[in-house]
Amino acid sequence: MTDRALAVARAGALTTVQDQGRPGHAHLGVPRSGALDAHAATLVNRLVGNPPEAAVLETTLNGCSVRPRSTVTMAVAGAPCPVTVDGRPAPWGAPVRVPGGAVLDIGAARSGVRSYLAVSGGVAVEPVLGSRSTDLLSGLGPPPLTDGTVLPLGRPGGAHARVDVVPHPAPPSELVLRVTLGPREDWFTEAALRTLTTRPYAVSSASNRIGLRTEGPALERSRAGELPSEGMVLGAVQVPPDGRPVVFLADHPTTGGYPVIAVVHPADLPGAAQAIPGTPVRFVAVRHRR
Amino acid sequence: MRALPVGDRALLIEVDTGEEAEALHAELLRRRATGELSVAEIVPAARTVLLDGLEAPSRLAERLASWEVPPVPRRAEDVVEIPVRYDGPDLPDVAAHWGVDEAEVARIHAKAEFRVAFCGFAPGFGYLTGLPREVPRRATPRTVVPAGSVALAGPYTGVYPRSSPGGWQLIGTTDTVLWDHARVPAALLAPGTRVRFTAVAAA
């Protein structure tokens, strides 16, 4: 067996392989998937000299441990966390040389939710419809990692970055989500629209890669009945019958039958990926770009 | 035809009927093929078509108003045949709902000509229209519906590409593989595909 491989020593709560996802297949019911904090995934790839489309690992809250079979360059960013190599502290947000057989450990997130690990050459599992991403809604892509999983690695391309510090947004203590209202704002009362954009919400612990669920005042509909299924976009703020808005993230269903009251600005979604349960959420209405 | 903005990069185009949505979808695909329309995703649904990944949605919305959308021609194109054993556990309920016997449910279903109106729910799951009758969903969804189940809900027929929870009425089973991501194309059924079900004897 090739030594371009990575053994998973500790899989953590939920660690998945992610790249830029598989857009373009929504009409077949295939979610886009891909790294939730796309900025962090791009950053770690740059740090190890990978192209932005290389597959990385996305951890959830408590990190993971991996053991490369040969010497590689790795980088961890996204949610800030301790990083060690064979127990010795290593930098976060910088390229780290990890000898073959050594264990790189990503500790629990000090803040935020998802840390990202890039390995020089990228994680080279077999792509499905052009992407290596694990899609937790539809089950496409590799299953979430388990202890003992061995992941193939690609050939390293460019040299790793030479940097002292990297700019990175801190995980939000308050999540401000800019939204444009619609397409189904007319399914809600005026009071509900005011409530959405003026009252505080909080991130629910039921959030996952499919959606950021919220707790807060219920949004009242102005009409009864069912909406025929319609196409859904990334960042759609869907309102299920309980009235609490759900922000669709990368593994969201491609169609849905609950009305979408607003859509979150895409630049605010990486922050949503890093907001721990309980984080205050404010939806701020902005106008449509003309 | 109404074009509703969806964020800054998408439009949801709403029409009055499923037939209009079908015709609009075909027209959008045609215009994308000619290079006139640049868009990342064209997602048809029951009464809408979503265009996602547009540079200037508001300009397209203005242009749309002047479009002539021809009805979809009923040409004799390839029809996907799906052999079905009409042995589903909800056959009695569907028969009772329609006021016919179970064999008649199978006859009605196998006589209809279907078309994939749109996909969703799971990769390769098509919502097929063409059945002349409707049935409600089951009051209590099943936690596990086996792959290959042929099922009805509302005006739609669908085939479960893989085992999953589901609330549709199960009338039969097929061995046809609806989704195989190692196959090209992965999905047997895409929006617009015509489908006929043929009855085969239970094994």
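Residues numbered from 1 in each chain as written. Chains lettered and ligands numbered in written order. Predicted model: local features only at pLDDT ≥ 70, side-chain atom pairs only at ≥ 80, totals over all residues. Heavy atoms only, no water.

Trainee: What exactly am I supposed to notice about the pairing of strand β20 (residues 280-285) of chain A here?
Mentor: Residues and elements named next belong to chain A. Pairing of strand β12 (residues 175-181) with β20 involves five bridges; the strand directions are parallel. Note on β20: the bridge partner recorded for Val176 is Arg282. Relative to β20, strand β13 (residues 201-203) is paired through two bridges, and the arrangement is antiparallel. Each bridged residue has a counterpart across the sheet, and for Tyr201 the counterpart in β20 is Val281. (Pairing = 2+ DSSP bridges. Helix = DSSP H or I, 4+ residues; strand = E, 2+ residues; numbered from the N terminus.)

Trainee: Is there a simple way to think about the pattern of salt bridges in this case?
Mentor: Side chains that carry opposite charge are capable of pairing whenever their charged atoms lie near each other. Residues and elements named next belong to chain B. The tally for this structure, following the rule as stated, stands at 25 salt bridges over all chains. A salt bridge links Asp90 to Arg142, with the nearest nitrogen and oxygen atoms 2.8 Å apart. Pair noted here: Asp90 is in the loop between β5 (79-84) and α3 (91-98) and Arg142 is in strand β8 (residues 142-145), with a separation of 52 residues, a long-range link. Residue Asp90 shares its accessibility class with Arg142, and that shared class is buried. Here Arg107 ties to Glu104 by a salt bridge, and the two come within 2.8 Å at their closest N and O atoms. (Salt bridge = Lys/Arg side-chain N within 4 Å of Asp/Glu carboxyl O. Buried < 20%, exposed > 50% of the residue type's maximum accessible area, 1.4 Å probe, protein only.)

Trainee: Whenever I open this one, the sheet that holds strand β2 (residues 10-14) of chain B confuses me. Can you help?
Mentor: Strand pairing in a sheet takes place through backbone hydrogen bonds and is either antiparallel or parallel in direction. Residues and elements named next belong to chain B. Spatial ordering of the open sheet is given by β1-β2-β4-β3, a layout of four strands whose pairing is antiparallel. Each having just a single partner strand, β1 (2-6) and β3 (41-44) make up the two edges of the open sheet. On average, each strand axis in the sheet is tilted by 20° relative to the strand beside it, whichever way the strands run. Pairing geometry for β3 and strand β4 (residues 48-52), over four bridges, is antiparallel. By the bridge assignment for β4, Ile42 is matched with Leu51. Sheet strands in contact with helix α2 (residues 57-64) are β1, β2 and β4, and its direction is about 25° off that of β2. (Axes fitted to C-alpha atoms, helices over the stretch in contact; angles between N-to-C directions. Contact = heavy atoms within 4.5 Å.)

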